[in-house]
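# Chain and residue survey
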Amino acid sequence: MSEPLVRLENVRFAYGERMILRDISLSIPRGQVVAIMGGSGCGKTTLLRLIGGQERAVGGRVLVDGQDVGGLDREDLYTLRRRMGMLFQFGALFTDMTVFDNVAFPLREHTDLSPELINDLVLMKLHAVGLRGAAQLRPGELSGGMARRVALARTIALDPMLLMYDEPFTGLDPISLGVIGQLIRRLNNALGASSLIVTHDIQESLQIVDYIYFISEGRVVAEGTPDEIRNTSDPFVHQFVHAEADGPVPFHYPAGDYATALVGGAG
Amino acid sequence: MGDVFRKLGSLAISGVWQLGFIARFFVLILRYSGQSFMRLHLTIRELYFSGVLSLLIILVSGLFVGLVLGLQGYEILQRYGSSEAMGTMVALSLLRELGPVVAGLLFASRAGSAVTAEIGLMKVTEQLKAMDMMAVNPIARVVAPRFWGGVVSMPLLAALFSTMGIFGGWLIGVVFIGVDDGAFWSQMRAAVDFRYDVLNGVFKSAVFGVAVALIAVFEGYDCVPTAEGVSRAITRTVVSSALAILALDFVMTSFMFRGL
C-alpha cells in the first residue's frame, strides 16, 4: 500500500495554556474520503488548520505528501497550499466579486492562462457544482447551500490533491445537504484527490466516507469504516451515532454538587 | 496606590507592544507592496474608493471652512484697516494648518473607517483566511492596495480642500463684502511662499495620509473577528487617527514654522 497523503504522528497542540490536541495520530490514504468527528470544540477545526499550515503543532509531526508542514517556510508552504483546497464553514466567498470572479480568483492569481481558457475552466468548475447559470450573481444573492457549492467550485479550481472541508453540512436544508455530500464524494473520485471532512453530521458522513475517526478531549477515541461504526459497541460512538444527550460525553458542564450550590448560594 | 501604578505600567507596556505590532505590520506592507503593484488595478480601485468617493465631503467642507474663515478674518482685519490682507490670512491658515489637518480628520472618518470595516468584515467572514489558504498573501492582495490608495489620496484631497477654502474666502471677501479683487490676490501671492508654506503643507498631508492609512488597515486586520470587534476597531481607527494627526501636526509645525 502506498504512503498515505496526510499523516499525523502524535500531534499535540495548545492555545496558550489550553490543551486542544493531546496526542493525535491518524492518516488519510490517497483517493479516500475520511471524516473526523467529535463534539463541538473538540479541536476538529484545529486539525485542519494544522494540516493547512495555519497553525503549528507543539509536538509531533504533520506530514502532507511527505513534507513536514510545521517545518516549511512561507514560500514552501504557499507552494504546498496551491495543491490543497479548503472549504470554509460558510464558504468565505469574496463578497466584492461575482461568482465567476470568485472561481476565477485562484486561476488568475496562480496561472498565466489566457482569459478565454480561464473562462472555459471556470464554467466547467461551475457546471460541476451545477451553478453555471449563477456565474454573474453576487455572493449576497446566493442561498447558503449555493454559496457553499460556489466555494467548492473555487476550492477545486486548481485541481488540488487534498480537499479539506470544515463543517460542510452545517446549517443546510436536507436537499442541499445531500447535494453537498454527493459532490464531495464525486469530486474526490473525479479529481483523484483525497478528502478530509470535519463534521458532526454522522448520518450524512456514514453514507459518503471511507473511514471515520472520532475525537474527544484531544485524542482519537474510536475509528473505523462506516460499517464498523454502525455496529460498534463503543459507548462514545454509540452515544454519538444515536445522538443521546448523556453518556460518556456528559450533559452537564463540570460543576460542584447541585444541592450544595442551591442551599449554599454561590455555585 | 500600587494598583494605579500597576495599571499605568500595564497601559504603557501594552501601548509599546501595540506600537511594535504596527511598526512590524508597516514593514510587512512595504515588503509586499512590490507584489501588489504588479496588479496596479487593485490600487487604482482603492484610489477610487478612498479618494474619489471622499471628494464630496472634502470639497463641501473646504468651501464652508473658507467661507467662515472669510467672515471671521474680515471681522478682525477691518478693525486694523487691513481687510485687503484677507487673502493672505485665508491662504496661509488653509495651506499650513487647516487644509492638511481638517482634510485629514475628515479622511479618517470617511475613508479610514470604511477601510477598517471592509478588512474587518473580510476577517469575520474568513475571506482573509480563505485567501491565505489559496496561497495568496492577504497583505499583498488586500492590505497594501488599500494602504497606498489612502497614502496617495490624502495629499490630493488636502490640496483640493485648501483650494476650495481659498475660493470660499474669496467669495465672502470679494464677492459679498467687496474687498478689492486685485489686492486680495496680489497680497496673497506676495505673502505665500511656495516651499515654506505650500510644500510644508503638502508634506504634512502626506504624513497624515501614511498615518491614517496605516492605522485603518492595521485596525481592520487586527480586529477581533466578531460584530463587536469590528465596531470597536472602526471606533479606534477614527479616534487614533484623529489623535495621531493632531500630535504629528504639533511636532511638524514646531519644526517647520519657527518664524525664521
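Preceding block: the structure.
Residues numbered from 1 in each chain as written. Chains lettered and ligands numbered in written order. Predicted model: local features only at pLDDT ≥ 70, side-chain atom pairs only at ≥ 80, totals over all residues.

What follows is about the overall build of chain B. Helix and strand content of chain B: nine helices and zero strands. Beginning at the N terminus, the succession of helices and strands in chain B can be written as α-α-α-α-α-α-α-α-α. In terms of principal-axis extent, the alpha carbons of chain B reach across some 70 × 55 × 35 Å. Considering chain B as a whole, with its 260 residues, one finds that 45% of them fall into the buried category. The long-range share in chain B, meaning contacts at least 24 apart out of those at least 6 apart in sequence, stands at 87%. (Helix = DSSP H or I, 4+ residues; strand = E, 2+ residues; numbered from the N terminus. Buried ≥ 20, exposed ≤ 12 C-beta atoms within 10 Å, placed from the backbone. Contact = placed C-beta atoms within 7 Å.)

Next up on the list: the interface of chain B and chain A. The interface is formed by nine residues belonging to chain B together with twelve residues belonging to chain A. The class makeup of the residues in the side of chain B that touches chain A is five nonpolar, two polar and two charged. (Nonpolar A, V, L, I, M, F, W, Y, C, P; charged D, E, K, R; others polar.)

Below, the discussion takes up helix α1 (residues 44-51) of chain A. For the α-helix, the turn length of 3.6 residues means that residues three or four positions removed from each other point alike. Residues and elements named next belong to chain A. Burial of α1 is extensive: six of the eight residues sit out of reach of the surface. Residues of α1 that are buried: Lys44, Thr46, Leu47, Leu48, Leu50 and Ile51. Directly beyond the C-terminal end of α1, a positive phi value near 80 degrees is found at Gly53.

A few words on the packing of helix α6 (residues 138-177) of chain B against helix α8 (residues 194-222) of chain B. Residues and elements named next belong to chain B. Viewed as axis vectors pointing N to C, α6 and α8 meet at an angle of 150 degrees, and their least axial separation amounts to 8 Å. Compared by their axis directions, α6 and α8 come out roughly antiparallel. Of the two elements, α6 crosses α8, and the hand of that crossing is right-handed. Residues Val143, Arg146, Phe147, Gly150, Val151, Met154, Pro155, Ala158 and Ala159 of α6 form the contact with α8, whose participating residues are Val202, Ser205, Ala206, Phe208, Gly209, Val210, Val212, Ala213, Leu214, Ala216, Val217 and Tyr221. (Axes fitted to C-alpha atoms, helices over the stretch in contact; angles between N-to-C directions. Parallel < 35°, antiparallel > 145°, perpendicular 65-115°, else oblique. Left-handed = near helix turned anticlockwise from the far one by under 90°.)

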